[in-house]
Structures are given as C-alpha cells and as structure tokens.
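Letter by letter, the chains look like this.
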Amino acid sequence: RRWNSHQGVEVQRDDGQEIMFAEVDNAREYLYRKAAFPDKHRPKLWAHILQLPHNDAAFEQLQAKSQHPSMSTFYRQYPNHSHRTIRCLGLILSALSHWS
C-alpha cells in the first residue's frame, strides 16, 4: 500500500515512544519546539506538512515533456553549483513551468 501524506505520520522517538502526527499543526508544533525532525522520518513529515499529493503519474508526464522555453538560460545562471544539483532542479522547475 502506498503511503499518503494526508493520513498522518507515526514517528518513534529515541526513547521508544511513538508519536502520531495526524494533524499538520501537530507536526508544525513539534518542529517549532525541537527545531528539526528525526532524520529517519524527515521526508514523510515534510511531505505531511506540505500536503504533497504524490501524484507520480502526472509528475512523470510533466517530466516527459521537453525542456520548458523559460529554462533556456537557467543552467548558465548557476555556474558554481554541481551539475547534478542544477540538472535535478532544472527538471523540477521545467515540469512546474509546464504545469502552470
């Protein structure tokens, strides 16, 4: 079964006690108090807070499109960053540009 960020996230603390973040406000409050989520659960908790839809099929369709025209100069604007980081960011921004 695929995990859905809208169902909430269950986190096990260092002392073994489990915390359930069913509401986004609970996760935000925890983040405010602790300043960070546990490494193991960080991706799920951020997806929960941001309420990401996890619509993989739609994202793959957007990524399959050619580079958006607005991205033509993007790669030259960040010459000091790693090629991999800029390429990944460029793919996501291009998909967002096609989507908008």
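Reference entry: report on the structure contained in this document. All of these numbers come straight from a predicted model, not from anything done at the bench.

1. Focus: the environment of L31
Now for step 1: Here L31 is to be found in helix α1 (residues 24–34).
Now for step 2: Along the chain, L31 and L45 lie 14 residues apart, while their C-alpha atoms are 9.7 Å from each other.

2. Focus: the packing of aromatic side chains
Now for step 1: All told, the structure shown has two aromatic pairs when counted by the stated rule.
Now for step 2: Note on F74 and Y75: the rings are 5.4 Å apart at their centroids and 80 degrees apart in plane angle, and the pair reads as edge-to-face.
Now for step 3: Using a relative accessible area of 32% as the deciding quantity, one classes Y75 as partly exposed.
Now for step 4: Seen from their ring centres, F74 and Y78 are 5.4 Å apart, and the 55 degrees between their planes marks the pair as tilted.
Now for step 5: Judged by its relative accessible area of 7%, F74 falls in the buried class.
Now for step 6: Three or more aromatic residues link up through ring pairs in this structure, and these residues are F74, Y75 and Y78.

3. A short note on the nonpolar core
Now for step 1: Counting residues in hydrophobic clusters, the biggest one holds six residues: A27, Y30, L31, F37, L45 and I49.
Now for step 2: Those elements that provide at least two residues to this core are α1 and α2 (42–50).
Now for step 3: The element contributing the most residues to this core is α1, with three residues.

4. With respect to a nonpolar patch on the surface
Now for step 1: Taken together, the side chains of F59, I92, L96 and W99 present a nonpolar region at the surface, about 440 Å² in accessible area.
Now for step 2: Sorting elements by how many residues they give to the nonpolar patch places helix α5 (residues 83–99) first, with three residues.
Now for step 3: Counting through the fold element by element, W99 comes out in helix α5.

Thresholds applied
- Residues numbered from 1 in each chain as written.
- Predicted model: local features only at pLDDT ≥ 70, side-chain atom pairs only at ≥ 80, totals over all residues.
- Heavy atoms only, no water.
- Helix = DSSP H or I, 4+ residues; strand = E, 2+ residues; numbered from the N terminus.
- Phe/Tyr/Trp six-rings, centres within 6.5 Å; stacked < 30°, edge-to-face > 60°.
- Buried < 20%, exposed > 50% of the residue type's maximum accessible area, 1.4 Å probe, protein only.
- Core = buried A, V, L, I, M, F, W, Y, C linked by side-chain atoms within 4.5 Å.
- Patch = residues over 30% accessible without salt bridge, like charges linked within 9 Å, V, L, I, M, F, W, Y side chains within 5 Å.
- Areas by Shrake-Rupley, 256 points an atom, 1.4 Å probe, with all protein chains shown as cover.
- Salt bridge = Lys/Arg side-chain N within 4 Å of Asp/Glu carboxyl O.

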